[in-house]
Amino acid sequence: MFSLGSWLPALPGLAWGWALLDALLQGEIPQGWPGDRSGDTSDPLLPFPAGLVGACAVSVLCSLLKVYLYIQCVNNPERQVEKEVMAARRPLLEPLHVLVLTGVLALVGSRVAALVVLEFSLRAVSTILSLGKGAHSSQLYLLCQYSLGCGVSCGLSFLLEGALHRSWNLALAAGLAGLLALHARRLARHVCALYELHSRARYCGVCILLLAAGHGIPRLLRNALALTFAVADLAAVELINRDFLSTGEAVRFWTPLTICYTLLVVYMQEESRQSTGRGVVFRTVLVRMGGLFILLLTVGRWTDILHVFVSLLGELWCLLRSGVLLESCWRQ
């Protein structure tokens with residue numbers, strides 16, 4: 001096995017240092033050290049890199065959706081004001097959004113993150129079956145931002161658990177996710193600044209490609225999100241079930257959870273039919289987190305209650321950040 005101590009100088013008295021560094025690079029803490037969790041595999045990953053990957057995934061989603069909605073506004077003369085608002089440059093807001101969302105996802109425990117993923121998956125299936133395709137799909141993409149971040153974190157926990165050098169794997173994933181988010185952000189900035197000129201002049205390859213195939217962005221996002229949430233749902237079920245010692249404990253947890261989520265979905269479907277706008281979205285978030293809070297008061301831990309409040313802040317932050325895009329979806 002690769003070890004730093006095998007090629008670094010064997011300095012007297014520093015063998016423990018090489019051993020500690022090797023363990024940290026593998027995402028582990030040596031036995032006997034403070035923070036050692038030998039035998040506990042409930043959360044083996046470093047939370048910050050996983051949260052960063054989730055935040056970058058949300059950033060890519062918003063950037064691509066912004067490109068699609070901006071192109072729709074350009075093609076509609078009645079939405080020129082909306083186009084100008086969307087094209088307004090806010091150079092510091094996007095890095096701040098990624099940083100705050102990374103912190104939130106790093107603080108949220110795997111148990112609450114898994115519940116958020118399962119709740120959104122059920123809500124998404126219900127919405128797709130009741131509303132079908134169309135403009136509502138774009139709104140659903142925006143409403144899944146925080147759930148997507150939680151899903152990516154759960155998926156990483158599921159896929160990398162027990163892997164050697166998982167810290168290196170997470171660092172590589174975070175670097176690649178950051179690079180992808182940066183390029184998606186540059187694409188959105190390029191489109192908002194130059195798409196109208198380049199699409200008319202027909203000399204920019206990127207804008208010509210978007211002119212010909214920009215309508216396929218929602219389908220691309222739908223397929224990517226379906227795959228992401230399929231893996232995240234499996235990971236979420238596994239992360240929740242590992243806390244139960246018997247089938248009876250699992251039944252006592254999943255029964256009220258299923259009833260609670262079913263009632264929430266029914267309520268939110270009726271609410272969305274009766275009214276639209278930003279108010280109903282924020283009310284829905286409060287109702288969802290309130291239902292999860294009450295559920296975890298009976299079958300959860302005190303740390304889960306804290307993580308619910310952190311999740312509420314994450315949901316509200318994502319919705320506030322994408323307010324312009326939500327307005328554009330509602331006007332379609």
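If you're wondering where the values come from, they're calculated on a predicted model, not measured in any experiment.

Q: Tell me about the UniProt feature "transmembrane region" (unreviewed entry) in the chain, residues and numbers included.
A: UniProt's feature table lists "transmembrane region" (unreviewed entry) at residues 51–71, 92–118, 138–160, 167–188, 251–268 and 280–299, given in the numbering used throughout. End-to-end, the C-alpha atoms of residues 138–160 are 31 Å apart, and along that stretch the chain is 96% helix and 0% strand.

Q: Got a sec to walk through a nonpolar patch on the surface? Specific residues and values, please.
A: A surface patch of nonpolar side chains, about 490 Å² in accessible area, is lined by Phe158, Leu159, Leu227, Val231 and Leu234. Sorting the residues of the nonpolar patch by element identifies helix H7 (145–160) and helix H10 (217–241) as the ones contributing at least two each. In terms of residue count, H10 provides more of the nonpolar patch than any other element does, three residues in total.

Q: Explain the nonpolar core to me, and be specific about the residues and the numbers.
A: In this structure, Leu115, Tyr146, Tyr195 and Leu292 are the most contacted members of the largest nonpolar core, which totals 87 residues. With residues up to four places along the chain from it excluded, the contact list for Tyr146 reads Leu101, Val104, Leu105, Val108, Val116, Ser311, Gly314, Glu315 and Cys318.

Q: Describe the packing of aromatic side chains, and please don't skip the residues or the numbers.
A: This structure, assessed with the given rule, holds two aromatic pairs. Between Phe120 and Phe229, the ring centres sit 5.1 Å apart and the planes meet at 35 degrees, which makes this aromatic pair tilted. Taken as a pair, Phe120 in helix H5 (residues 110–131) and Phe229 in helix H10 lie far apart in primary sequence, 109 residues in all. Side by side, Phe120 and Phe229 carry an identical accessibility label, which is buried.

Q: Account for H10, with residues named and values stated.
A: Between the first and last C-alpha of H10 there are 36 Å, a value that for 25 residues agrees with the 36 Å anticipated at 1.5 Å per step. For H10, the complete set of buried residues consists of Ile217, Pro218, Leu221, Leu225, Phe229, Ala232, Ala235, Ala236, Leu239 and Ile240.

Q: Break down the confidence of the model for the chain for me, citing the residues and quoting the values.
A: Per-residue pLDDT for the chain averages 77, and the proportion of residues at 70 or more is 78%. When mean pLDDT is taken per element in the chain, helix H2 (residues 47–74) scores highest with 90 and helix H1 (residues 15–25) scores lowest with 55. Ignoring residues within four places in sequence, the model shows residues 1–8, a span with pLDDT below 50, making 12 contacts including any to other chains. Confidence drops under pLDDT 50 across residues 27–45; counting only partners more than four residues distant or on other chains, this segment forms 29 contacts.

Conventions we followed
Residues numbered from 1 in each chain as written. Predicted model: local features only at pLDDT ≥ 70, side-chain atom pairs only at ≥ 80, totals over all residues. Heavy atoms only, no water. UniProt positions renumbered as here; feature names shortened; annotations may be inferred. Helix = DSSP H or I, 4+ residues; strand = E, 2+ residues; numbered from the N terminus. Patch = residues over 30% accessible without salt bridge, like charges linked within 9 Å, V, L, I, M, F, W, Y side chains within 5 Å. Areas by Shrake-Rupley, 256 points an atom, 1.4 Å probe, with all protein chains shown as cover. Salt bridge = Lys/Arg side-chain N within 4 Å of Asp/Glu carboxyl O. Core = buried A, V, L, I, M, F, W, Y, C linked by side-chain atoms within 4.5 Å. Buried < 20%, exposed > 50% of the residue type's maximum accessible area, 1.4 Å probe, protein only. Contact = heavy atoms within 4.5 Å. Phe/Tyr/Trp six-rings, centres within 6.5 Å; stacked < 30°, edge-to-face > 60°. Expected span 1.5 Å × (residues − 1). pLDDT = per-residue confidence, 0-100.

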